[in-house]
Amino acid sequence: MTAAATIGDNTKADRERRVMLAHYHRKDRDCAAKAAAVAAEKKANRLNAKAAGIPSSQLDHLLKSFNADDQQAPVDKLKRDMENLSYLGLIPDPSIKGDLFTRVDRVDNEGMIKAKGFFAGLNDLDRVSGYDGGSVDDKLWLESYDAGKREYDTEIPDIMARISAAQSKEEAPASGDGDPFNLDQTN
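Being a predicted model, the structure only gives us computed values, none of them experimental.

Criteria and thresholds
Residues numbered from 1 in each chain as written. Predicted model: local features only at pLDDT ≥ 70, side-chain atom pairs only at ≥ 80, totals over all residues. Heavy atoms only, no water. Axes fitted to C-alpha atoms, helices over the stretch in contact; angles between N-to-C directions. Helix = DSSP H or I, 4+ residues; strand = E, 2+ residues; numbered from the N terminus. Parallel < 35°, antiparallel > 145°, perpendicular 65-115°, else oblique. Left-handed = near helix turned anticlockwise from the far one by under 90°. Contact = heavy atoms within 4.5 Å. Nonpolar A, V, L, I, M, F, W, Y, C, P; charged D, E, K, R; others polar. Salt bridge = Lys/Arg side-chain N within 4 Å of Asp/Glu carboxyl O. Buried < 20%, exposed > 50% of the residue type's maximum accessible area, 1.4 Å probe, protein only.

A.B. asks: Would you mind going over the packing of helix 5 (residues 109–122) against helix 6 (residues 136–170) with me for this structure?
C.D. replies: When two helices pack together, you describe them by how their axes are tilted relative to each other and by the distance separating the axes. The contact between helix 5 and helix 6 brings their axes to 6 Å, and the two run at 40 degrees. One element, helix 5, and the other, helix 6, form an angle in the oblique class. For the element pair helix 5 and helix 6, the recorded crossing hand is right-handed. Note on element contacts: helix 6 touches helix 5 through Asp137, Leu140, Trp141, Ser144, Tyr145, Ala147, Gly148, Lys149, Glu151 and Tyr152, opposite Asn109, Glu110, Ile113, Lys114, Lys116, Gly117, Phe118, Ala120, Gly121 and Leu122. Class assignment of the residues belonging to the contact of helix 5 with helix 6 gives a composition of nine nonpolar, five polar and six charged.

Listed below in structure tokens is the structure:
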């Protein structure tokens, strides 16, 4: 039997506060569990990439450049890095010894469009070029997108099969009938 609420009785307010706290704690706990699962998945991905010869720093740089609000920022950083490397004498100084890249190493506008389209296709991004629909640039981007998608779709089954085969070789072979608790050695 519950006592009747009287003026100044905070029992109801206390219950509501506890329930609200529990509600938000549950949501927060679920978010934390999802974040931990995502972090574990990312860690596994990084380990697999490392085993494939791709350093985490390269993935970090690629992701940071990909997500940059200002696409010029990574280019400016590269210029600063090149300036620092030339200052340290690790690469030729472009202002004194000429251009670091030869003319054939430079990418023209068409090459940039192809590279962006190919990257988008390879990474299964939206098939929208951002150029005027039907324009030469749009068609070039879409052709490059299709080429990137085709390369991924063609190559990934073989790559995944090799990874799976390598992982199965690492696993210890099962002995007997597969039951590790079977003490009968006559099998």
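A.B. asks: Got a minute to help me understand the pattern of salt bridges in this structure?
C.D. replies: Pairs can form between side chains of opposite charge whenever their charged atoms are close. In this structure the tally under the stated criterion is seven salt bridges. Between Asp60 and Arg46 there is a salt bridge whose closest N-O contact spans 2.8 Å. Separated by 14 residues along the polypeptide, Asp60 in helix 2 (residues 56–67) and Arg46 in helix 1 (residues 11–51) bring together distant segments of the chain. Among the residues examined, Asp60 registers a relative accessible area of 39% and is labelled partly exposed. Notably, a salt bridge pairs Asp153 with Lys149, separated by 3.9 Å at the nearest N-O pair. Taken together, the residues Asp153 and Lys149, both in helix 6 and four residues apart, mark about one turn of the helix. Overall, the relative accessible area of 42% leaves Asp153 in the partly exposed class. Take Lys149: its relative accessible area is 28%, and that puts it in the partly exposed class. Through salt bridges with shared partners, a single network forms among Asp124, Lys149 and Asp153.

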